[in-house]
Amino acid sequence: MTRSASSKNLGNLDWLTALKRLAVAGESAVLVTVVSVKGSAPREAGTRMVVTAEDFHGTIGGGHLEYTCLEIARDILKEKPEARSRRRENFPLGPALGQCCGGHAELLFEAVATEDLEGLAPDPQALLVTPLGSGAGSMYLRALRYGEESGGLPRIADESGGEVLIERMGDKRPQVYVFGAGHVGQAMISALAPLAFEVIWIDSRADMFPETLPANVRVEVTDRPELQVGGASKNAFYLVMTHSHQLDLEICESVLRRGDFAYLGLIGSETKRARFVRRLRIKGVTREAVDRMTCPIGIPGISSKHPAEIAASVSAQLLVAWGRVSAAQRGSQEEEPERTGKSLLRGS
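*Asks:* What am I meant to see in the pattern of salt bridges here?
*Replies:* A pair can form between side chains of opposite charge whenever their charged atoms are brought close. The final tally for this structure, using the stated rule, is 16 salt bridges. As a salt-bridge pair, Glu110 and Arg86 come within 3.4 Å of each other at their nearest N and O atoms. Within this pair, whereas Glu110 is found in strand 5 (residues 104-111), its partner Arg86 is found in strand 4 (residues 85-92), the two being separated by 24 residues in sequence. Here Glu110 matches Arg86 in class, with each residue buried. Across the pair Asp260 and Arg258 runs a salt bridge whose closest N-O atoms are separated by 2.6 Å. Through salt bridges with shared partners, a single ionic network connects Arg86, Glu110 and Arg142.

Shown next as structure tokens:
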């Protein structure tokens, strides 16, 4: 299924993909980046928002700051709709902006040219270097760097061409495999649409899928859904809610045998869980592996059977699980400089 490149359909795509889609559609846009913050602020450095003449994608925290930045971005589009342009602005987040944060934020506004985006792709292994200069002769092309220590980012640094913003190119979006396009599956897709997940939606019945999909959803129609598990990323999330208990069992077995998942949720009752545990153990799946399967799904205290409420509860459970994975990954990254005893950043 294909989607229009219009800014009205950008959903929760990452900023780079959103800009590239707009470029293909010939629609001008301004990229707004939070370069630095001091004290309390709505969002952290590296947060971005893509602004077009009539729409915007992403958020830098809402409130009057965002409203002011939307106005500035659209003024840039009016002044130089086809030209490359860049400017930096400082905002005290106090009474003047009608915000009670009390901090300070510096933002970068860029009318980005298509060539500025060439060669860039979301890559969690890379550092993104963005020039910040706005005067004559300033560098505009971003660059990716590899093999450098990524602690203490994002940060502003002085390099030969002037000041630059150095940051991680972006964590890879966690994958959520949703098996089943019934009522709860459809509610899950709606609940996951505004969240930072890459969703793969799987069912054998092509007519169950809606005509229009959220931007972060990819559909797979297959008679062997359990085979989709082999193509997933490490630390993927799996939600199993098909129309067949036998199919549910086969999918769960595939995920448990693979082992490197962040979450496996099976829709159903305690009775269904007990039945599945017994059958999986007969198949030779270890007790330790089976104990990692979540069934019933959803956070404690929400027992509603309404699809939308199940979806909200399960989405919250996924966010908690992803928070644990992210914390573990950050801890692993922070330990590395301590072991090496030195920084790998150039110029440090």
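Structure's up, so let's keep going.
*Asks:* Can you walk me through the pairing of strand 2 (residues 48-51) in this structure?
*Replies:* Successive residues of a regular strand alternate their side chains across the two faces of the sheet. Burial of the side chains of strand 2 extends over both faces: Arg48 and Val50 are buried on one face and Met49 and Val51 on the other. Pairing analysis gives four bridges linking strand 1 (residues 30-38) to strand 2, with the strands arranged antiparallel. Residue pairing for strand 2: Val32 is matched across the bridge by Met49. Alignment of strand 2 against strand 3 (residues 56-58), held across three bridges, turns out to be antiparallel. What sits directly across from Val50, in strand 3, is His57. Remark: four residues form the turn of the hairpin made by strand 2 and strand 3, two consecutive strands paired antiparallel.

*Asks:* Could you clarify how one ought to interpret the sheet that holds strand 3 in this entry?
*Replies:* Adjacent strands of a sheet pair through backbone hydrogen bonds, lying either parallel or antiparallel. As summarised here, the arrangement of the five strands in space is 3-2-1-5-4, forming an open sheet in which the pairing is antiparallel. Strands with a single pairing partner mark the edges of an open sheet, and in this sheet they are strand 3 and strand 4. Across the sheet, the axes of successive neighbouring strands diverge by a mean angle of 20°, strand direction being ignored. Of the pairings in the sheet, the one linking strand 4 to strand 5 comprises eight bridges and is antiparallel in character. Paired with Arg88 across the strands is Leu108, a residue of strand 5. Where helix 1 (residues 15-25) meets the sheet, its contacts fall on strand 1, strand 2 and strand 3, and the angle it forms with strand 2 comes to roughly 15°. Sitting on the sheet, helix 2 (residues 63-79) touches strand 1, strand 2, strand 3, strand 4 and strand 5, and the angle it makes with strand 4 is about 160°.

*Asks:* Would you take a moment to explain unusual backbone geometry for this structure?
*Replies:* Of all residues except glycine, most have a negative phi; of all peptide bonds, most are trans. With an omega of 0°, the peptide bond between Cys295 and Pro296 qualifies as cis. Positionally, Pro296 belongs in the loop between strand 15 (293-294) and helix 7 (307-340). Look at Asn235: it is not a glycine, yet its phi comes out positive at around 65°. Mapped onto the secondary structure, Asn235 falls in the loop between strand 12 (217-221) and strand 13 (237-240).

*Asks:* Could you clarify how one ought to interpret the nonpolar core in this entry?
*Replies:* Most often, soluble globular proteins keep nonpolar side chains buried together rather than apart. One finds Val178, Leu192, Phe197, Leu239 and Leu318 to be the most contacted residues of the largest nonpolar core, which totals 27 residues. Those elements that place two or more of their residues in this core are strand 10 (175-179), helix 3 (183-192), strand 11 (198-203), strand 13 and helix 7. The element that contributes the greatest number of residues to this core is helix 7, accounting for seven residues. In this structure Leu239 touches Val176, Tyr177, Val178, Phe179, Met188, Tyr263, Gly265, Val314 and Leu318, once residues within four positions along its chain are discounted. Membership of the second largest hydrophobic core comes to 26 residues, among which are Val229, Ile251, Phe261 and Phe276.

*Asks:* I'm lost on empty space enclosed by the protein in this one. Help?
*Replies:* To find leftover empty space, a probe the size of one water molecule is rolled over the atoms. Enumeration according to the criterion identifies one cavity of 30 Å³ or more in this entry. Considered as a void within the structure, the largest cavity measures approximately 50 Å³ in volume. Around the largest cavity sit Phe179, Gly180, Ile202, Asp203, Ser204, Thr222, Pro225, Thr242, His243, Leu247 and Ile251, which together line it. Going through the elements one at a time, strand 11 and helix 4 (245-258) are the ones with two or more residues in the lining of the largest cavity. Looking at the lining of the largest cavity residue by residue, the class counts come to five nonpolar, five polar and one charged.

*Asks:* Even after reading the chapter, I still don't get the pairing of strand 1, so can you show me in this structure?
*Replies:* In this structure, strand 1 lies alongside strand 5, joined through eight bridges in antiparallel fashion. Bridge pairing in strand 5 places Val30 opposite Ala111.

*Asks:* Where do I start with the side chain of Gln175 in this structure?
*Replies:* Secondary-structure assignment places Gln175 in strand 10. Within the structure, the side chain of Gln175 is placed 2.7 Å from the backbone nitrogen of Ser233, a separation counted as a polar contact.

*Asks:* Would you mind showing me how to read the sheet that holds strand 7 (residues 143-145) here?
*Replies:* Strand order across the open sheet formed by four strands is 7-6-9-8, with antiparallel pairing between neighbours. Edge positions in the open sheet fall to strand 7 and strand 8 (155-159), since each of these has one partner strand only. The average angle at which neighbouring strand axes cross in this sheet is 35°, direction not considered. Across five bridges, the pairing between strand 8 and strand 9 (residues 162-168) is antiparallel. Pairing of Ala157 across the sheet is with Val164, part of strand 9.

Rules behind the numbers
Residues numbered from 1 in each chain as written. Predicted model: local features only at pLDDT ≥ 70, side-chain atom pairs only at ≥ 80, totals over all residues. Heavy atoms only, no water. Salt bridge = Lys/Arg side-chain N within 4 Å of Asp/Glu carboxyl O. Helix = DSSP H or I, 4+ residues; strand = E, 2+ residues; numbered from the N terminus. Buried < 20%, exposed > 50% of the residue type's maximum accessible area, 1.4 Å probe, protein only. Pairing = 2+ DSSP bridges. Axes fitted to C-alpha atoms, helices over the stretch in contact; angles between N-to-C directions. Contact = heavy atoms within 4.5 Å. Core = buried A, V, L, I, M, F, W, Y, C linked by side-chain atoms within 4.5 Å. 1 Å grid on protein atoms, 1.4 Å probe; cavity = no way out; pocket = protein on both sides within 12 Å on 5 of 7 lines; lining within 4 Å. Points joined across faces, edges and corners; volume = space filled by probe spheres on them. Nonpolar A, V, L, I, M, F, W, Y, C, P; charged D, E, K, R; others polar. Polar contact = N/O pair within 3.5 Å; in protein donor to acceptor, adjacent residues only side chain to side chain.

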